[in-house]
Amino acid sequence: MNDFFAAIEIEKLSENEQTMLKYIQDNSTLIAQMKLHDLASKLFVSDTLVVRFCQKLGLTGFSELKYLIKNELVLQKKRQTVFREQIDQQINDFKYFLAFAPLDQLHTIVQLLCNDQPLYIHGRSLSSIPAKYLHTVLNTLNRRCILVEDLHLLKSISRTIHPGATILITSANVPLAVYQEVFDNSRQNQAKTILITSQENDQTANLADFCLFSNDTPLSYNETDANSRINMLSLIQIIIELASKELLAEEPTAF
């Protein structure tokens, strides 16, 4: 219906016809329940003039106009229902995430992020967004850390990393073929690893020293990663809030 109205050449309509069109567009819900004479009365014109106006718009008459309007209203209701269901699902997922957030691990992780040892933060593709966000805020808080976006560089760092240093990785899917070497090297060099990912499974559960699972719903379209990262970003925000309090509390008081 919106496409139908958009295709109408307004400049070819008279002033009265433009007024009629605006009334129809603004009151489509009412018109879907009207009879021809009811609409004509509202517009202060004859039934015949309404029919001729519909025909000028390329329709057979008032009945076809009502048909188009009713179909559009049904489609609108379906779209609103789907949207509402999607929003409700997101809310339920977020409540579940908050209910089972690993608060005990968060405290230890924040301590690692706030110590004076080297800290490397890594994320690829869409997962680089929460990684970059964390890196930016920590540096703003004077917690110097390094953002490593190149995977080959990350692997190289893991081979020579100092004991006590930390590597934090954000990844929705955690492909083992990509990251296994990083975790193995870090463990061998007595460095700590933190993994923030979407779903817990047998492969990821013990991959890093500390694993945080955001429980974001896995999605893909045309073999393209479209995983939601809402909970992952929320998890990063919680870490930032806790780290901020820790780091600001450590700053010497100015006299």
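The coordinates are above.
What this report covers is the structure whose coordinates are included nearby. (Residues numbered from 1 in each chain as written. Predicted model: local features only at pLDDT ≥ 70, side-chain atom pairs only at ≥ 80, totals over all residues. Heavy atoms only, no water.)

**Here's the deal with the overall build of the chain**
On a plain count of helices and strands, the chain comes out with 11 helices and seven strands. Taking 2.2 N^0.38 as the reference for a compact globule, 255 residues should give roughly 18 Å; the C-alpha atoms of the chain span a radius of gyration of 30 Å, well beyond that estimate. Over its C-alpha atoms, taken along the principal directions, the chain stretches across nearly 90 × 55 × 35 Å. Across the 255 residues of the chain, 41% fall into the buried class. For the chain, contacts bridging at least 24 residues in sequence account for 64% of all contacts bridging at least 6. The chain carries 23 positive and 29 negative side-chain charges, and their two centres are separated by 6 Å. (Helix = DSSP H or I, 4+ residues; strand = E, 2+ residues; numbered from the N terminus. Rg over C-alpha atoms; globule rule 2.2 N^0.38 Å. Buried < 20%, exposed > 50% of the residue type's maximum accessible area, 1.4 Å probe, protein only. Contact = heavy atoms within 4.5 Å. Lys, Arg positive; Asp, Glu negative; His and termini not counted. Charge placed at Lys NZ, Arg CZ, Asp CG, Glu CD.)

**Comments concerning the pairing of strand β1 (residues 119–123)**
Of all five residues in β1, five are buried, a share of seventy percent or more. By the alternation rule, side chains of β1 split into Leu119, Ile121 and Gly123 and Tyr120 and His122, which are all buried. Bridge count for β1 against strand β3 (residues 166–170) is five bridges, and the pairing is parallel. The residue bridging tyrosine 120 from the neighbouring strand is isoleucine 167, located in β3. Here β1 runs beside strand β2 (residues 146–147); their pairing, made up of two bridges, is parallel. Residue isoleucine 121 lies in a different strand from β2, and its bridge partner there is leucine 147. Taking the sense of rotation as the criterion, the β-α-β connection linking β1, helix α8 (residues 128–140) and β2 turns out right-handed. (Pairing = 2+ DSSP bridges. Right-handed = clockwise from strand over helix to strand, strands pointing away.)

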